[in-house]
Amino acid sequence: MLSHAGIPFQWFEEIDMSQMSSFDMIIVALADETEQTRNQLWQYAVSGGIVISYAELNAFAGKLGCEPSRIIGAGYARMGSMYEKAEALRFLSAEPWRILATTDRSTIAEYGSLVHAGTGQQSLGAALQSFKVGNGYFERWAINMASTVVMLQQGTGPVLTDGVPAPDGTGPVNDNLLKADDRIAQDWEYDRLRTETGASYFAHPYADYWRELMIGHLIRTAARLGKILPFIGFWPDGVKHVALISHDSDLNEDVHAEATLELLNECDIQSTWCMLEPGYSPYLYERLLEDGHEIGFHYNALEADGGEWNKEEFSRQLDWLKQASGIETCCSNKNHYTRFEGWSELFSWCENNGLQLDQTRGPSKKGNVGFLFGTCQPYFPIAWSNESNRMIDVVELGFLTQDLDVSSIWADSSIINPILDGVCKVGGVAHFLYHQAHIQTKEPVRRSFRKLVEEARKRDFKFWTGEQINDWYRSRRELRIESLNEHGLAVVRGREQLQAAVVWIPVIMSEDAQDDSNTDIHYGVKCKKQLVVVENEQSTMTT
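Basis of the calculations
- Each chain carries its own residue numbering, running from 1 in the direction its sequence is written.
- At least 70 in pLDDT is required for a residue's local features to be given in this predicted model, at least 80 for side-chain atom pairs to be given and counted, and no such filter applies to totals for whole chains, interfaces and linings, which use all residues.
- Note: side-chain values were computed over all heavy atoms of the structure, leaving out hydrogens and water.
- Under the DSSP-based scheme used, a helix requires at least four consecutive residues in state H or I and a strand at least two consecutive residues in state E, with every element numbered from the N terminus.
- C-alpha atoms define the radius of gyration, and 2.2 Å times the number of residues to the power 0.38 defines the globule rule.
- Partly exposed residues are those whose accessible area sits between 20% and 50% of the maximum for their type, while under 20% is buried and over 50% is exposed, using a 1.4 Å probe and protein chains only.
- It only takes one pair of heavy atoms within 4.5 Å for two residues to be counted as in contact.
- Residue burial considers only the protein chains on display, and all accessible areas are found by Shrake-Rupley using a 1.4 Å probe.
- Positive: Lys, Arg. Negative: Asp, Glu. His and the chain ends are not part of the count.
- Here the site of a charge means atom NZ of a Lys, CZ of an Arg, CG of an Asp or CD of a Glu.
- One speaks of a salt bridge when a side-chain nitrogen belonging to Lys or Arg is within 4 Å of a carboxyl oxygen belonging to Asp or Glu.
- To get an axis, a line is fitted to the C-alpha atoms, and for a helix only the part in contact is used. The angle between two axes follows their N-to-C directions and goes from 0 to 180 degrees.
- An angle below 35 degrees is treated as roughly parallel, one above 145 as roughly antiparallel, one from 65 to 115 as roughly perpendicular, and anything else as oblique.
- In this scheme the handedness of a crossing depends on how the near helix is turned from the far one: anticlockwise by less than a right angle means left-handed, clockwise means right-handed.
- Asp, Glu, Lys and Arg are counted as charged, while Ala, Val, Leu, Ile, Met, Phe, Trp, Tyr, Cys and Pro are counted as nonpolar; the rest, among them Gly, fall into the polar class.
- Buried Ala, Val, Leu, Ile, Met, Phe, Trp, Tyr and Cys residues that are joined via side-chain atoms within 4.5 Å together make up what is termed a nonpolar core.
- Expected span, for any helix, means 1.5 Å times one less than how many residues it has.
- Whenever a nitrogen or oxygen atom comes within 3.5 Å of another N or O atom, the pair is scored as a polar contact, on the condition that within protein one atom can donate a hydrogen and the other can accept it, and that pairs from neighbouring residues in sequence are kept only if both atoms are in side chains.
- At least two DSSP bridges between two strands are required for those strands to pair.
- The definition used for a disulfide is geometric: two cysteine sulfur atoms within 2.5 Å.

(A) Structural view of the overall build of the protein chain. Helix and strand content of the protein chain: 14 helices and 27 strands. Taking 543 residues into account, the globule formula puts the C-alpha radius of gyration at 24 Å, and the protein chain, at 24 Å, falls close to it. Based on the C-alpha atoms only, the size of the protein chain along its principal axes is roughly 75 × 55 × 45 Å. For the protein chain, the proportion of its 543 residues judged to be buried stands at 54%. Restricting the contact set of the protein chain to residue pairs at least 6 apart, pairs at least 24 apart contribute 69%. Accessible surface computed for the protein chain: about 22,600 Å², of which carbon and sulfur atoms make up 47%. Charge-centre separation for the protein chain: the mean point of 48 positive side chains lies 6 Å from the mean point of 75 negative side chains.

(B) Geometry of the pattern of salt bridges. Overall, the coordinates contain 28 salt bridges when judged by the stated rule. Across the salt bridge formed by D208 and R211, the nearest N and O atoms sit 2.4 Å from each other. Here D208 pairs with R211, and both are found in helix α5 (residues 206-224), just three residues apart, close to one helical turn. Pair check on accessibility: D208 and R211 agree, each one buried. Taken together, the salt bridges that share partners define one network made up of D421, E454, E455, K458 and R459.

(C) Spatial organisation of the packing of helix α4 (residues 145-154) against α5. Direction vectors running N to C along α4 and α5 enclose 160°, while the axes themselves pass 9 Å from each other. Looking at the two axes, α4 sits roughly antiparallel to α5. In the crossing of α4 with α5, the sense of the turn from one axis to the other is left-handed. Between α4 and α5, the residues in contact are M145, T148, V149, L152 and Q153 and Y206, A207, W210, R211, L213 and M214, respectively. Its residues assigned to classes, the contact of α4 with α5 shows eight nonpolar, two polar and one charged.

(D) Examining the environment of W210 more closely. Within the secondary structure, W210 sits in helix α5. The contacts of W210, once residues within four sequence positions are left out, are A77, L89, R90, F91, I143, M145, T148, V149 and L152.

(E) Structural view of the nonpolar core. In terms of nonpolar packing, the biggest core is built from 117 residues, with M79, L114, W141, W210, L213, F432 and F449 touching the most fellow members. The next biggest cluster of nonpolar side chains, apart from the first, holds 25 residues, and it includes C331, V429, W464 and Y473.

(F) Quick look at helix α13 (residues 466-477). For α13, with 12 residues, the first-to-last C-alpha span of 17 Å sits near the 16 Å given by 1.5 Å per residue. For α13, the complete set of buried residues consists of G466, I469, N470, W472, Y473, R474, S475 and R476.

(G) Up close: the packing of helix α6 (residues 254-267) against helix α12 (residues 443-458). Interaxial distance between α6 and α12 falls to 11 Å at its minimum, and their mutual angle equals 25°. Relative to α12, α6 is oriented roughly parallel. Here α6 and α12 pass one another in a crossing that is right-handed. Here L263, L264, E266 and C267 of α6 lie close against α12, whose contacting residues are R446, F449, R450, V453 and R457. Within the contact of α6 with α12, the residues separate by chemical class into five nonpolar, no polar and four charged.

(H) Region of the structure containing the side chain of S200. Tracing the sequence through the fold places S200 in strand β11 (residues 200-202). Residue classification places S200 among the buried residues on the basis of a relative accessible area of 7%. Within the structure, the side chain of S200 is placed 3.2 Å from the side chain of R194, a separation counted as a polar contact. Look past the residues within four positions of S200 in its chain and what remains in contact with it is D168, R192, L193, R194, K366, G367 and V369.

(I) Structural detail: the pairing of strand β24 (residues 502-506). With five of five residues buried, β24 lies mostly within the body of the structure. Here β24 shows a buried face lined by V502, W504 and P506 and a second buried face lined by V503 and I505. Note that strand β12 (residues 231-232) and β24 share two bridges and pair antiparallel. When the sheet's bridge partners are listed, F231 is paired in β24 with W504.

(J) Just the state of the cysteines, in detail. For the coordinates displayed, the defined rule picks out zero disulfides. C267 takes part in no disulfide bond, and the closest cysteine sulfur, belonging to C424, lies 19 Å away. Given the relative accessible area of 8%, C267 is considered buried. Summary of cysteine pairing: C424 is not part of a disulfide, and the nearest cysteine sulfur, belonging to C376, is at 9.2 Å. Looking at C424, the relative accessible area reads 25%, which means it is partly exposed.

(K) Quick look at the environment of T338. Among the secondary structure elements, T338 is positioned in the loop between β16 (332-333) and α9 (345-352). The exposure class of T338 is buried, given its relative accessible area of 4%. It is 9.3 Å that separates the C-alpha atoms of T338 and A301, two residues lying 37 residues apart in sequence. Beyond its immediate stretch of four places on either side in the chain, T338 contacts L178, K179, A180, T360, G362, P363, S364 and F399.

Distances and angles like these do not, on their own, reveal function.
Put into structure tokens, the structure is as follows:
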């Protein structure tokens, strides 16, 4: 999450005061709670450091005048003025602390409240508690933000059985076909809204909200000590958010491809074409590449089509694509019918076959379009414990909906504006899937496509291919802010070929805050923009 935000950090594998003392803030991701650990972390805070914990370190509760309350299941955090983009943020579990009656509350500040879904406003505890400890602070969140984000994005566990359908019949995921959306962490009743036509959609990119809340807290906490925590901008200078159009070839008729190319040329858009065996005629692949489109993979594990869910079949189909299209390497994959099993097997297959971007995690039904996985941003997924929870070297970028205005069995174009607005709130990617077959055969689908392009451009979306998004995201994450120089400019280490990257410097001095030129609000904090100018592969400076 820190790398995703472009924030520099250093790992400590064990508690070591000689190392910790040179840092202003320590995030305790995982630690034993022995007396030695408690004493060293306490001494660090007393000496002026800040200790941050996400639903951990219950052994400190008594020392801080509190006691752990019972663990809360799924619910919502209402953060008020601390995070104003959402009225409430869904969490999957929380471990709040209760302040004892005998405790002096003058050294404790509480933020946000936790409530159960559907139970009204009764608070079950604070979302964040800040304790003044000597010259420093102990900051404890009741929610484990990291696990919350992972489960929203990747599901609450491996996909082994059919999912639970929507009570209103709009999301029949229990269709005897294992898919990405069979294991989601959101609630059909509490996390969907309806458009003016009655179309249901998951309305909230909760994972992106939690990331923003976490980073905003870190920036403001650093500022409390008079420290500046700079970060790398998510997109290049001049880009606020990105749109991606992808297609799945499915029926594989050349006439479908011809009609799609005509529409894309009309709208001046390059898109990502995920190809299903047996694909198109050879001349079409040449046209796609000449027009700047990306040729991707559409893995078919659908048994009704003769497909299989195994790594050998995955590799065989990918080899077919390379031979049929003439491409030497392939960046993107999206699974046919969003077929998905287990936890991270698909990502490992992509990784082993040189595919760098997966787009499989998206809706398969009319009623679960939108932010059903809580995000519209690219991210690196995490493996299960059988692989030691490693980060997998494949970027996941799910789609938000597909084939608008096809018929009553799929979502209509009334969801375009709310989805685009939701993406704008978090600066993500508006990924829409359009099948070539529907573009060629259905005028309402073509109209919805034109409407999407028009509305996206009104909001300054830039249309990129999946490969372009992947290349930028990976290159940006290689940048690392080393320090601020005597002029307040960031010294950055990174790649020479990365252009137009931005460093944002939070404004904490009142005299700097008076100048609004070249500033913007990020994570709820006013920041100054500095463009990254690459001098060599070892070091860059901002100007």
